[in-house]
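# A structural walkthrough
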Amino acid sequence: KCAHLRLVCQAEQRPYYTSKLWWCGITLLGLGEVGNFTAYGFAPITLVAPLGCVSVIGSAFISVFFLKKTMSTADILGGTLTITGIYLLVTFTPSVPQELTARQVQNYLVSWPFLVYSILEIIIFCVLLYFYKRKAVKHIMVLLMMVALLASLTVIAVKAVSSMIALSVKGKMQLTYSVFYIMSVLMATSCAFQIKFLNQAMHLYEATAVVPINFVFFTTSAIISGVIFYQEFQSAALLSVFMFLFGCLLSSLGVIIIARNKEEEHLQIPFIDCGHIPGQKLTGKIQPDSHSSCYGTLNKEDDLVKRQS
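Source: prediction; values computed, not measured.

Criteria and thresholds
- Residues numbered from 1 in each chain as written.
- Predicted model: local features only at pLDDT ≥ 70, side-chain atom pairs only at ≥ 80, totals over all residues.
- Heavy atoms only, no water.
- Axes fitted to C-alpha atoms, helices over the stretch in contact; angles between N-to-C directions.
- Helix = DSSP H or I, 4+ residues; strand = E, 2+ residues; numbered from the N terminus.
- Contact = heavy atoms within 4.5 Å.
- Buried < 20%, exposed > 50% of the residue type's maximum accessible area, 1.4 Å probe, protein only.
- Patch = residues over 30% accessible without salt bridge, like charges linked within 9 Å, V, L, I, M, F, W, Y side chains within 5 Å.
- Areas by Shrake-Rupley, 256 points an atom, 1.4 Å probe, with all protein chains shown as cover.
- Salt bridge = Lys/Arg side-chain N within 4 Å of Asp/Glu carboxyl O.
- UniProt positions renumbered as here; feature names shortened; annotations may be inferred.
- Core = buried A, V, L, I, M, F, W, Y, C linked by side-chain atoms within 4.5 Å.

## Quick notes on the packing of helix α7 (residues 112-133) against helix α10 (residues 207-229)
Taken N-terminus to C-terminus, the directions of α7 and α10 make an angle of 145°; their axes are 8 Å apart at the nearest point. In contact with Pro 113, Phe 114 and Tyr 117 of α7, α10 contributes Ser 221, Ile 224, Ser 225, Ile 228 and Phe 229.

## Comments concerning unusual backbone geometry
Note: most residues except glycine have negative phi, and most peptide bonds are trans. Unusually for a residue other than glycine, Ala 136 sits at a positive phi of about 55°. Relative to the helices and strands, Ala 136 resides in the loop between α7 and α8 (140-169). On the basis of relative accessibility, which here comes to 52%, the residue Ala 136 falls in the exposed class. Positive phi is not limited to glycine here, since Gln 231 has a value of about 55°. Within the secondary structure layout, Gln 231 lies in the loop between α10 and α11 (238-261). Take Gln 231: its relative accessible area is 29%, and that puts it in the partly exposed class.

## Side note on a nonpolar patch on the surface
Residues Tyr 16, Tyr 17, Trp 23, Ile 26 and Leu 29 make up a contiguous nonpolar surface patch of roughly 500 Å² in combined accessible area. Turning to its location among the elements, Tyr 17 is positioned in the loop between α1 (2-9) and α2 (20-39). On the accessibility criterion, Tyr 17 (42% relative accessible area) is partly exposed.

## Overview of the UniProt feature "transmembrane region" (unreviewed entry) in the chain
Within this structure's numbering, the places UniProt gives as "transmembrane region" (unreviewed entry) are residues 21-42, 48-67, 74-92, 112-131, 143-169, 175-195, 207-230 and 236-259. Taken end to end, residues 21-42 is 86% helix and 0% strand, and its two terminal C-alpha atoms sit 32 Å from one another. Across residues 236-259, the secondary structure splits into 92% helix and 0% strand, with the terminal C-alpha atoms separated by 32 Å.

## Description of the nonpolar core
Ranked by size, the top nonpolar core spans 31 residues in total, and within it Tyr 40, Met 183 and Tyr 230 carry the most contacts. Contributing elements (two or more residues each) for this core: α3 (45-48), α6 (102-109), α7, α8, α9 (178-204), α10 and α11. With 7 residues, α8 is the largest single contributor of residues to this core. Setting aside residues no more than four positions away along its own chain, Tyr 230 makes contact with Ile 45, Leu 100, Tyr 108, Ile 156, Lys 159, Ala 160 and Ser 225. Of all hydrophobic cores here, the second largest spans 15 residues; its members include Leu 128, Leu 143, Met 146 and Leu 150.

And the structure:
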């Protein structure tokens, strides 16, 4: 975001991928996702997935320093609720064995709770996909429910792959089992389609609506997946389950407050009144080219000035 804002304010417009700051941001995003992927190999799904709310708090606080935003009362309230929820999540997370072998994953795949869950999920997804494709229903709830259903498969596969890689690094080779490659394909496929529907939702609706709804749906689907597939709450006490769910509720509420407080920003792009350009005749549209990697330019008849594309 900071790189894009700086590029907009420059006199000579350049593509965003020429910015060192932009590449720095992309690299940090990649490292964050690697850390997130690794976390699934060492902690339960029901803990890692809700802790994604940390990124929302981080974005709110970092924007104060890099984007010169002001911290509002809603941001402080939302951050307080989210931090309280995180404390409850970490304190009352279910205690499950950390090592997950390929044979255990195979047994989980053929267990009857997961088979029933998979059938129900496929039926619901097909119904939603029918309305999306045939009836052209692109409501935000339909799109994000499909994202959540795919996300449940993604987190199951991510935990399996990450755990088997972690065991292999420790010396207990798990990469020779076919289930490792099956889960890798499932992870990549479900993630690709998940991104497709999430991008569609971001294109049609405001980020202030997509972010909190997607977080709540994703967290719910991930917890259900962890409970059904990996049986993470099998031996948990009733009080621990209640406090854990209460922590999820507080975190979700905090994310909703922070996200809803953010308004869509309009970039302050400097411009020239076309009626007062000496010696120049307006020959085309001033609207930036949507297929260009630059931020737009004026079409001029002067051969010395090339059109940016």
